[in-house]
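# Report on the structure
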Amino acid sequence: MVLEKGIAEQVEAFIAAGRPSARQQSIDDRRAGYLASTALAGETESFVSIQTIELEAMTFRVYSPLQSPAHLPTVIYYHGGCFISGGFATHDNQLRQLAVLGGCRVIAVQYRLAPEYTFPAAHDDAQRGAELVWEHAGLFGIDKDRVTLAGDSAGGHLALVTALRLKAAGSLRPRQLILIYPMVDATAYFESYVRNGKDYIITRDTLLSGYEIYLPGVDRRHPEASPLWRDDLGGLPPVHIITAEFDPLCDEGKALYQRMTEQGVVCTCQQYLGVIHGFFQLGGVSRAARDAVRDVAYRVGR
């Protein structure tokens, strides 16, 4: 088991610092730390236009290739951050890259964060955000036949639950889902929470404390807290899952693939080796990250 060189350097620094626990940090410090990590995202793509749209008190950031046609294949994207941090600024580089590499429209949804807003605020915003994009397709410039729901970590969770809510409501149907190391099991059932839980920067404590802050008083087996265990996955559009070798969530991503396949969903799962949770945003130090961004862009734009 070998980490990519750029990732290994970050992990070594984390261990040398005494493996600082997210539980000992304030929310403000956790948010600032996440924002600071964007220094590892690589060069900023400049051949992109960016627009901010506000509808029904929700804010969307729209990324488009320069001189693009009026209607493009689109990804509605939900950022990660353990339900307590993240936003347009933490994901700007990746969203720019997806738009240009995929020749697609990227619409980022800013959902409410905990502890200011707890469950089901983020879930409700994620669903309403998708509905608003669909209802205002002309304003957003989307091709309704080619809409992907995607997200990383907590955002992958929200993309999945949003698709399940939309399916149950019989409303819009995305063409596909792309779930990047999604948080889908709040019970921390799988062994990778132990195997990869302490050394790899985004630790067991980081992830579980996010659930605790967002889900106070909520049963961890609630179907919208742990969608992995649901029996109504059938009927979803095709799903692609990305996992990371040294991620506490690695095993649950593979389990989600298995459960989806058992329930008749067309599903693929790709594990990236030598990388950790959050690697999708580390394109400045990780070749796997750059490869993953290109792959996601291709899947959205094809």
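Heads up: the structure comes first, above all this text.
Okay, so let's go over this structure. (Residues numbered from 1 in each chain as written. Predicted model: local features only at pLDDT ≥ 70, side-chain atom pairs only at ≥ 80, totals over all residues. Heavy atoms only, no water.)

### Structural notes on the pairing of strand β3 (residues 72–78)
- Within β3, 7 of the 7 residues are buried, leaving the element largely enclosed by the surrounding structure.
- Strand direction decides the pairing type here: β3 and strand β5 (residues 142–152), joined by 6 bridges, are parallel. The residue bridging Tyr-77 from the neighbouring strand is Ala-150, located in β5.
- As paired strands, β3 and strand β4 (residues 105–110) are joined by 5 bridges and run parallel to one another. In the sheet register, Tyr-77 faces β4, and the bridge partner there is Ala-108.
- Following the chain from β3 across helix α3 (residues 88–102) to the adjacent parallel β4, one finds a crossover that is right-handed. (Buried < 20%, exposed > 50% of the residue type's maximum accessible area, 1.4 Å probe, protein only. Helix = DSSP H or I, 4+ residues; strand = E, 2+ residues; numbered from the N terminus. Pairing = 2+ DSSP bridges. Right-handed = clockwise from strand over helix to strand, strands pointing away.)

### Let's talk about the pattern of salt bridges
- Per the stated rule, a full pass over the model turns up 19 salt bridges.
- Salt-bridge contacts for Lys-5 lead to Glu-9; the nearest nitrogen and oxygen are separated by 2.7 Å. Of this pair, Lys-5 and Glu-9 both sit in helix α1 (residues 5–16), 4 residues apart, roughly one helical turn.
- For Lys-5, a relative accessible area of 63% corresponds to the exposed category.
- The closest approach of N and O atoms between Asp-291 and Arg-294, which form a salt bridge, is 2.5 Å. Remark: Arg-294 and Asp-291 occur in helix α10 (residues 287–301); sequence separation between them is 3 residues, near one turn of the helix.
- Of the residues examined, Arg-294 reaches a relative accessible area of 43% and is grouped as partly exposed.
- Shared partners join several salt bridges into a network, and the residues in it are Glu-56, Arg-128, Glu-131 and Glu-135. (Salt bridge = Lys/Arg side-chain N within 4 Å of Asp/Glu carboxyl O.)

### Focus: the environment of Val-218
- Among the structural elements, Val-218 can be located in the loop between α8 (204–214) and β7 (239–244).
- Spatially, the C-alpha atoms of Val-218 and Phe-119 are 8.2 Å apart, while their sequence positions differ by 99 residues.

### Observations regarding the side chain of Arg-299
- Inspection of the secondary structure puts Arg-299 in helix α10.
- A relative accessible area of 16% means that Arg-299 is categorised as buried.
- Other than its neighbours up to four places away in sequence, Arg-299 contacts Arg-175, Gln-176, Ile-178, His-240 and Thr-268. (Contact = heavy atoms within 4.5 Å.)

### Thoughts on the packing of helix α4 (residues 121–135) against helix α6 (residues 154–169)
- Where α4 meets α6, the axes come as close as 9 Å, and the angle between the chain directions of the two elements is 65 degrees. Handedness of the crossing formed by α4 with α6: right-handed. Between α4, through Ala-122, His-123, Asp-124, Ala-126, Gln-127, Ala-130 and Glu-131, and α6, the contact on the second element is made entirely by His-157, Leu-158, Val-161, Thr-162, Arg-165 and Leu-166.
- When the residues that make up the contact of α4 with α6 are grouped by side-chain class, the tally is 6 nonpolar, 4 polar and 3 charged. (Axes fitted to C-alpha atoms, helices over the stretch in contact; angles between N-to-C directions. Left-handed = near helix turned anticlockwise from the far one by under 90°. Nonpolar A, V, L, I, M, F, W, Y, C, P; charged D, E, K, R; others polar.)

### Some points on the nonpolar core
- Residues Phe-60, Tyr-78, Phe-140, Leu-149, Leu-160, Leu-256 and Met-260 are the most contacted members of the largest nonpolar core, which totals 61 residues.
- A total of 7 residues in this core trace back to one element, the largest contributor, which is α6.
- Contacts of Phe-60, omitting those with residues within four sequence positions, involve Gln-51, Thr-52, Ile-53, Leu-55, Phe-88, Ile-107, Ala-108, Val-109, Gly-129, Leu-132, Val-133 and Phe-140.
- Membership of the second largest hydrophobic core comes to 36 residues, among which are Ala-8, Leu-95, Ile-276 and Phe-279. (Core = buried A, V, L, I, M, F, W, Y, C linked by side-chain atoms within 4.5 Å.)

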